[in-house]
Amino acid sequence: MMIDFEFRKQVMDAHIGSEVIKYCYQCSRCTDLCPVSNLTDQFYTRPFDPRMAVLGSLLGYKNLLLSLPPEAVWSCQVCDTCDEVCPQNIEVTEIITLLKNVTTSLGKAPDHIYGQAKAVFDSAKAIPSQPAIERRREQLGLPAVAAPDVSEVQTLLNNVGAAKKLK
Ligand code: SF4
Ligand code: SF4
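Residues numbered from 1 in each chain as written. Chains lettered and ligands numbered in written order. Predicted model: local features only at pLDDT ≥ 70, side-chain atom pairs only at ≥ 80, totals over all residues. Heavy atoms only, no water.

Moving on to the site of ligand 2. Taken together, 14 residues sit near ligand 2, with Cys34, Cys76, Cys79, Asp80 and Cys82 positioned nearest. Looking at the shell around ligand 2, the elements with two or more residues in it are helix H3 (35-41), helix H7 (81-85) and helix H8 (92-105). Its residues assigned to classes, the shell around ligand 2 comprises 10 nonpolar, three polar and one charged. (Near = heavy atom within 4 Å. Helix = DSSP H or I, 4+ residues; strand = E, 2+ residues; numbered from the N terminus. Nonpolar A, V, L, I, M, F, W, Y, C, P; charged D, E, K, R; others polar.)

Printed below as a string of structure tokens:
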């Protein structure tokens, strides 16, 4: 198994309190109490496993992590349960967020993630307005939603290189 030291450094740098992550002793509390892991355990042969994500990141096994199906990273719903229950105060979600960013920049995120990112880029909304939603709001007596400044959002996204990643 090849160790990617640059990736390992990225993990250490991204983690809040970088020293702490080294003290993961693989107790599996994060996985045992992760709601997504418990749910996928019933349906998939390879359930979502935050403990393995931490171990692979800690060891610098970037290629191994990237060879897994996208769900191995993207199933995380950022509920923060793992962070709260880890006896070593490891911010598991920080590591998983880094993995999401790495897979996205390599074009390995699930298709719907790019679709949603494109919707934000094109309309400045995660869920673009639809006449049906607007009609419903009107029926409920809710005020019209102000149109966002799309060009401002696009400028911000371009400044962080989002347009390039979306291609
Ligand atoms: S709960 Fe913390 S110490 Fe235990 S396996 Fe998960 S990250 Fe490692
Ligand atoms: S934040 Fe993600 S990995 Fe952690 S418990 Fe929630 S779904 Fe599981």
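Now that the structure has been shown, the text picks up again.
Looking at the secondary structure, you find proline 70 in the loop between helix H5 (62-67) and helix H6 (71-74). With relative accessibility at 28%, the residue proline 70 sits in the partly exposed group. Residues proline 70 and threonine 103 lie 33 residues apart in sequence; the distance between their C-alpha atoms is 7.9 Å. In this structure, proline 70 is in contact with Lys108, Ala109 and Pro110, ignoring residues within four places of it in sequence. (Buried < 20%, exposed > 50% of the residue type's maximum accessible area, 1.4 Å probe, protein only. Contact = heavy atoms within 4.5 Å.)

In this section: the environment of valine 150. The residue valine 150 is located in helix H11 (residues 150-159) in this model. Since its relative accessible area comes to 26%, valine 150 is described here as partly exposed. Each C-alpha atom of the pair valine 150 and proline 69 lies 33 Å from the other, and the pair is 81 residues apart in sequence. Discounting chain neighbours no more than four positions away, the residues touching valine 150 are Phe121, Asp122, Ser123 and Ala124.

In this model, the protein carries an average pLDDT of 88, and 93% of its residues clear a pLDDT of 70 or more. For the protein, per-element mean pLDDT is lowest for helix H12 (residues 162-166), which scores 74, and highest for H7, which scores 96. (pLDDT = per-residue confidence, 0-100.)

Within the secondary structure layout, threonine 104 lies in helix H8. Residues in contact with threonine 104, not counting those within four places in the same chain, are Trp74, Ala109 and Tyr114.

Quick look at the site of ligand 1 now. Close contacts around ligand 1 come from Cys24, Tyr25, Gln26, Cys27, Ser28, Arg29, Cys30, Arg51, Cys86, Pro87, Gln88 and Val92, and that covers them all. Considered class by class, the residues forming the shell around ligand 1 number seven nonpolar, three polar and two charged.

Moving on, we come to the domain arrangement of the protein. When cut into domains, the protein gives domain 1 (5-105) and domain 2 (111-166). Relative to domain 2, the C-alpha centre of domain 1 lies at a distance of 30 Å. (Domains from an automatic or database assignment.)

Those residues of helix H1 (residues 5-14) that fall on the buried side of the exposure criterion are Phe7, Val11 and Met12. The buried residues of H1 occupy an angular sector of 145 degrees when the element is viewed end-on, so they sit on one face. In this structure, H1 carries Phe5, Glu6 and Asp13 as exposed residues pointing more than 90 degrees from its buried face. Backbone nitrogen of glutamate 6 and a side-chain oxygen of the N-cap are separated by 3.1 Å at the start of H1; the cap is aspartate 4. (Arc of directions from axis to C-beta. Polar contact = N/O pair within 3.5 Å; in protein donor to acceptor, adjacent residues only side chain to side chain.)

What follows covers the nonpolar core. Counting residues in each nonpolar core, the largest one holds 28 residues, and the members touching the most others are Phe7, Ile21, Val92, Ile96 and Leu99. Every element with two or more residues in this core is listed here: H1, helix H4 (50-58), H5, H6, H8 and helix H9 (111-123). Beyond its immediate sequence surroundings of up to four residues, leucine 99 is in contact with Phe7, Ala53, Ser57, Leu65 and Val73. (Core = buried A, V, L, I, M, F, W, Y, C linked by side-chain atoms within 4.5 Å.)

One non-glycine residue, serine 28, lies in the positive phi region at around 75 degrees. Within the secondary structure, serine 28 sits in the loop between H1 and helix H2 (29-33). Of note in the backbone geometry, aspartate 80 takes a positive phi value of approximately 75 degrees without being a glycine. Counting through the fold element by element, aspartate 80 comes out in the loop between H6 and H7. Looking at aspartate 80, the relative accessible area reads 31%, which means it is partly exposed.

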